[in-house]
Amino acid sequence: MQGKKDLIRRGSGQGCDIRCEFSTVCRKLLSFLPDKYTPMMDAPGMQQRVLALASRFNEPVIPKERIQRWLARFSDEEKPLALALLEKITFHSYPCLIQETRQLHAILREQLAADGFDNSTCATVDFRRGFTCKSGDIISYIYRKANAVPSVDFKTFDHLLGELAECTGQLCDRALVILDDYTGTGSQFIFQFLTRNRDAIRVLKGYRKIFLASIVIHDNAFRKLELFPRGECDRC
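Analysis parameters
Residues numbered from 1 in each chain as written. Predicted model: local features only at pLDDT ≥ 70, side-chain atom pairs only at ≥ 80, totals over all residues. Heavy atoms only, no water. Core = buried A, V, L, I, M, F, W, Y, C linked by side-chain atoms within 4.5 Å. Buried < 20%, exposed > 50% of the residue type's maximum accessible area, 1.4 Å probe, protein only. Helix = DSSP H or I, 4+ residues; strand = E, 2+ residues; numbered from the N terminus. pLDDT = per-residue confidence, 0-100. Contact = heavy atoms within 4.5 Å. Polar contact = N/O pair within 3.5 Å; in protein donor to acceptor, adjacent residues only side chain to side chain. Salt bridge = Lys/Arg side-chain N within 4 Å of Asp/Glu carboxyl O. Axes fitted to C-alpha atoms, helices over the stretch in contact; angles between N-to-C directions. Parallel < 35°, antiparallel > 145°, perpendicular 65-115°, else oblique. Left-handed = near helix turned anticlockwise from the far one by under 90°. Nonpolar A, V, L, I, M, F, W, Y, C, P; charged D, E, K, R; others polar. Phe/Tyr/Trp six-rings, centres within 6.5 Å; stacked < 30°, edge-to-face > 60°.

This next bit is on the nonpolar core. Leu108, Leu112, Val125, Phe127, Tyr143 and Val177 are the most contacted members of the largest nonpolar core, which has 21 residues in total. Going through the elements one at a time, helix 6 (94–114), strand 1 (125–129), helix 7 (134–147), strand 2 (172–183) and strand 3 (207–217) are the ones with two or more residues in this core. The greatest single-element share of this core, amounting to five residues, is contributed by helix 6. Grouped together as the second largest cluster of nonpolar side chains are ten residues, Leu176, Ile178, Leu204 and Tyr207 included.

Across the protein, the average pLDDT comes to 75, with 67% of residues at or above 70. For the protein, helix 1 (residues 4–11) is the element with the lowest average pLDDT, namely 40, and helix 6 is the one with the highest, namely 92. Contacts from residues 1–15, a stretch scored under 50 in pLDDT, to residues over four places away or in other chains number twelve contacts.

What follows deals with the side chain of Asn147. Considering the arrangement of structural elements, one finds Asn147 in helix 7. Relative accessible area serves as the criterion here: at 15%, Asn147 is assigned to the buried category. Among the polar contacts listed, one links the side chain of Asn147 to the backbone oxygen of Thr101, at a separation of 3.3 Å. Reaching out from Asn147, the side chain makes a polar contact with the backbone oxygen of Tyr143 at a distance of 2.9 Å.

Okay, the pattern of salt bridges next. Overall, the coordinates contain five salt bridges when judged by the stated rule. A network of salt bridges, in which partner residues are shared, links Asp126, Lys155 and Arg174.

Take the environment of Arg223 next. Inspection of the secondary structure puts Arg223 in helix 11 (residues 219–227). Given a relative accessible area of 38%, Arg223 falls into the partly exposed group.

This next bit is on the packing of helix 4 (residues 64–71) against helix 5 (residues 79–87). In contact at an axis separation of 10 Å, helix 4 and helix 5 are set at 140° when each is read in the N-to-C sense. As far as their axial angle goes, helix 5 and helix 4 are oblique. Handedness of the helix 4/helix 5 crossing: right-handed. Facing helix 4, whose interface residues are Ile67, Trp70 and Leu71, helix 5 presents Lys79, Ala82, Leu83 and Leu86. In terms of residue class, the contact of helix 4 with helix 5 is built from six nonpolar, no polar and one charged.

A separate point is the packing of aromatic side chains. One pass over the structure, following the stated rule, counts four aromatic pairs. Note on Phe127 and Phe154: the rings are 5.0 Å apart at their centroids and 20° apart in plane angle, and the pair reads as stacked. Here Phe154 lies in the loop between helix 7 and helix 8 (157–165) and Phe127 lies in strand 1, a separation of 27 residues in the sequence. Across the pair, Phe154 and Phe127 agree in class, each one buried. Measuring from centroid to centroid gives 6.4 Å for Tyr143 and Phe154, while their planes differ by 65°, and the two rings are edge-to-face. Placement of Tyr143 in helix 7 and of Phe154 in the loop between helix 7 and helix 8 is noted, with a sequence separation of eleven residues between them. Classification of Tyr143 as buried rests on a relative accessible area of 1%. Clustering of aromatic rings is evident, with ring pairs tying together Phe127, Tyr143 and Phe154.

Encoded structure:
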């Protein structure tokens, strides 16, 4: 039986080879076991071990022990209120964000198709994260990984300005998707892209369609974005 180092050396860069080698090793190990041994998934204790592995491989970001330590900082009188506060918080874990970005992308693809854009390869779509901050970088990364969107489709603002210049002043037959993780009031989006930043306004005017794709958006933001084109933001 080959040693571990030999397996790693032969398997380096060749996923199929290392899997084949591992399978060979497993078969040789099984040959040393008693004949009555049957490695079945329904064997006693097997499912429990699989569940234990799944739990260990997917350890929560905030385990219950951490919550208990936080609650321990409060007095007995304050604990019910602190716990009630935690219960009002919606925590978006990494698996949750994967699912949410896939749902968001499905909605976006439907709208792209309705507006006459390529919704299969997104060849006529540019993606840009909403704002320059850590969360924007993270949500862009999760979004493109979850939906298999090529990284070249996510472009910096400077890149978008350069491509706009190549349109020779004509409207580009493309769609721009501005990604955001959370849109609370909509004011930041309006000030950043629609009123104060002239370069941003030039970029937006260069596209046939603009989409603001946000993982979470407050009702106030919906209302403000509806009132803005009518010049009625002061009613919010």
